[in-house]
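Tertiary structure, described
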Amino acid sequence: MTNREWLESLSDEELAIVIGGCTCCIYDDIDNCADKDSTCCDGRLKWLQAEHRET
């Protein structure tokens, strides 16, 4: 099993913990990042569950 295959086997919640950084976060700008009701993991989880948009 490659790392890619392992990543594909993770649940959204597990993957949200593994990946980091703001690029893969639903709160991808500084104004939303300070939301006190969410965590970085929450933002990544919401990003994983959102429809993909080409940039």
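Residues numbered from 1 in each chain as written. Predicted model: local features only at pLDDT ≥ 70, side-chain atom pairs only at ≥ 80, totals over all residues. Heavy atoms only, no water.

Description of the environment of Cys22
Note on placement: Cys22 falls in the loop between helix 2 (12-18) and helix 3 (30-33). A residue is classified by how much of its surface remains accessible, and Cys22, at 52% relative accessible area, is exposed. Measuring from C-alpha to C-alpha, the distance between Cys22 and Arg44 comes to 8.1 Å, with 22 residues separating the pair along the chain. (Helix = DSSP H or I, 4+ residues; strand = E, 2+ residues; numbered from the N terminus. Buried < 20%, exposed > 50% of the residue type's maximum accessible area, 1.4 Å probe, protein only.)

Notes on the pattern of salt bridges
Scanning the model with the defined rule gives one salt bridge in all. Glu8 is the salt-bridge partner of Arg4, the closest N and O atoms lying 3.1 Å from each other. Within this pair, Arg4 and its partner Glu8 are both found in helix 1 (residues 3-9), separated by four residues, close to a single helical turn. Using a relative accessible area of 59% as the deciding quantity, one classes Arg4 as exposed. Accessibility expressed as a relative area gives 57% for Glu8, which makes it exposed. (Salt bridge = Lys/Arg side-chain N within 4 Å of Asp/Glu carboxyl O.)

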